[in-house]
Amino acid sequence: MGDVAMTVPVVKALALRYPDLRITVLSRPFAKPFFEGISPNISFMGADVKNEYKHLSGLNELYRRLTAKQFTAVADFHGVLRTEYLRSRFMLDGVKVAHIDKHRKGRKKLCRLKNKEMIRQPSPFQNYADVLAKLGFPVELNAGKYQFSGIKHGAIGIAPTAAFVGKCYPLSKMKEVVRLLLLKHSEAKIYVFGAKQDEIEAITPETFADSGRIINVSSVAKGLGAELELMKELDVMISMDSANMHFASLVGVPVISIWGQTHPFAGFMGWGQSEENAIQLNESCRPCSIFGNKKCPFGDYHCIASIAPEQIVERI
């Protein structure tokens, strides 16, 4: 989901730079709210590749549906087997195609434990823009940093988990963050964001004495579109290196991001976010993973588990 969210600023830049261009975004149905209302020359096409368009026969059916739109160019932002197959068929039909370069060699050198090369890698935003440039549609990416300009509503968002353990802050410490926030910011409300039941129940109102100021977002906002609307009202979001960091970035909210196995040098900092707000430890083993899905070589994930709750609260 985070990867799809990161395409939004680039697609928006394309639409604004070339207002006469007819743009169709193909993605899984969940992504539709990301692209609604951006520009009149952007349309969204949802494809359920796990059910409606599964297997090779499903991809062929999807390709036939796509050809009806008479595309003159195809930009593959994803670079996986399914999109490789689809773009190959377009190329054989004479359509101009281009695909993403994920800079795997540079990322591998960044993440190795020995002879690590701490060289900042191109961001996905730039990688997407490079695809468009190959097709003859260069765009300018201008991501101004979000600056705190005073409390709007006294609303703090927390997305307490991530897809992989290597970038998950321990829940016991996140609960301490919440306790300290309730004490330090006596008027603030805390909104807990999560996609799975165990995530949204990780920080429950019953855990804290002042439970009236903790709201599980799933109980008040149904669906991604509603969550994004609620997210706009936050003063700040606390998130792992995860999809919610990118969601908050899309709606202009500053993010205090917490990093473990992963590192901003891999290019996945949220759009317009400042690395000054990235909470991370200067460990020689970091980063050891691009996505946080590697087993910790020391077994304890100390790179993120050792971050003090007070450090996060102080930055807020």
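Notes on the structure in this doc start here.

A short note on the pattern of salt bridges
For step 1, the next point in the chain: Applying the stated criterion to the full structure yields 7 salt bridges.
For step 2, the next point in the chain: The closest approach of N and O atoms between Glu176 and Arg179, which form a salt bridge, is 2.7 Å. Placement of the pair is Glu176 and Arg179 together in helix H7 (residues 171-184), with a separation of 3 residues, close to one helical turn.
For step 3, the next point in the chain: A relative accessible area of 23% places Glu176 in the partly exposed class.
For step 4, the next point in the chain: Taking the relative accessible area as the measure of exposure, Arg179 reaches 38% and is therefore partly exposed.
For step 5, the next point in the chain: Lys232 is the partner of Glu229 in a salt bridge, and the nearest nitrogen-oxygen pair spans 2.9 Å.
For step 6, the next point in the chain: On the accessibility criterion, Glu229 (47% relative accessible area) is partly exposed.
For step 7, the next point in the chain: With a relative accessible area of 37%, Lys232 lands in the partly exposed category.

Quick notes on the packing of helix H9 (residues 224-231) against helix H10 (residues 243-250)
For step 1, the next point in the chain: Their axes nearest at 9 Å, the elements H9 and H10 cross at an angle of 65°. The handedness of the crossing between H9 and H10 comes out as right-handed. The residues of H10 that touch H9, namely those facing Leu224, Leu228 and Met231, are Asn244, Phe247 and Ala248.
For step 2, the next point in the chain: In terms of residue class, the contact of H9 with H10 is made up of 5 nonpolar, 1 polar and no charged.

What to know about the nonpolar core
For step 1, the next point in the chain: Grouped together as the largest cluster of nonpolar side chains are 57 residues, with contacts concentrated most on Phe34, Phe35, Phe193 and Met237.
For step 2, the next point in the chain: When contributions to this core are tallied by element, the ones reaching two or more residues are helix H1 (2-17), strand E1 (23-27), helix H2 (32-35), helix H5 (104-111), helix H6 (124-134), strand E5 (155-159), H9 and H10.
For step 3, the next point in the chain: Top contributing element to this core by residue count: H1, with 9 residues.
For step 4, the next point in the chain: Once residues lying within four places of it in the same chain are set aside, the contact partners of Phe193 are Gly157, Ile158, Ala159, Pro160, Val217, Glu227, Leu230, Met231, Leu234, Met237 and Asn244.

About the thresholds
Residues numbered from 1 in each chain as written. Predicted model: local features only at pLDDT ≥ 70, side-chain atom pairs only at ≥ 80, totals over all residues. Heavy atoms only, no water. Salt bridge = Lys/Arg side-chain N within 4 Å of Asp/Glu carboxyl O. Helix = DSSP H or I, 4+ residues; strand = E, 2+ residues; numbered from the N terminus. Buried < 20%, exposed > 50% of the residue type's maximum accessible area, 1.4 Å probe, protein only. Axes fitted to C-alpha atoms, helices over the stretch in contact; angles between N-to-C directions. Left-handed = near helix turned anticlockwise from the far one by under 90°. Contact = heavy atoms within 4.5 Å. Nonpolar A, V, L, I, M, F, W, Y, C, P; charged D, E, K, R; others polar. Core = buried A, V, L, I, M, F, W, Y, C linked by side-chain atoms within 4.5 Å.

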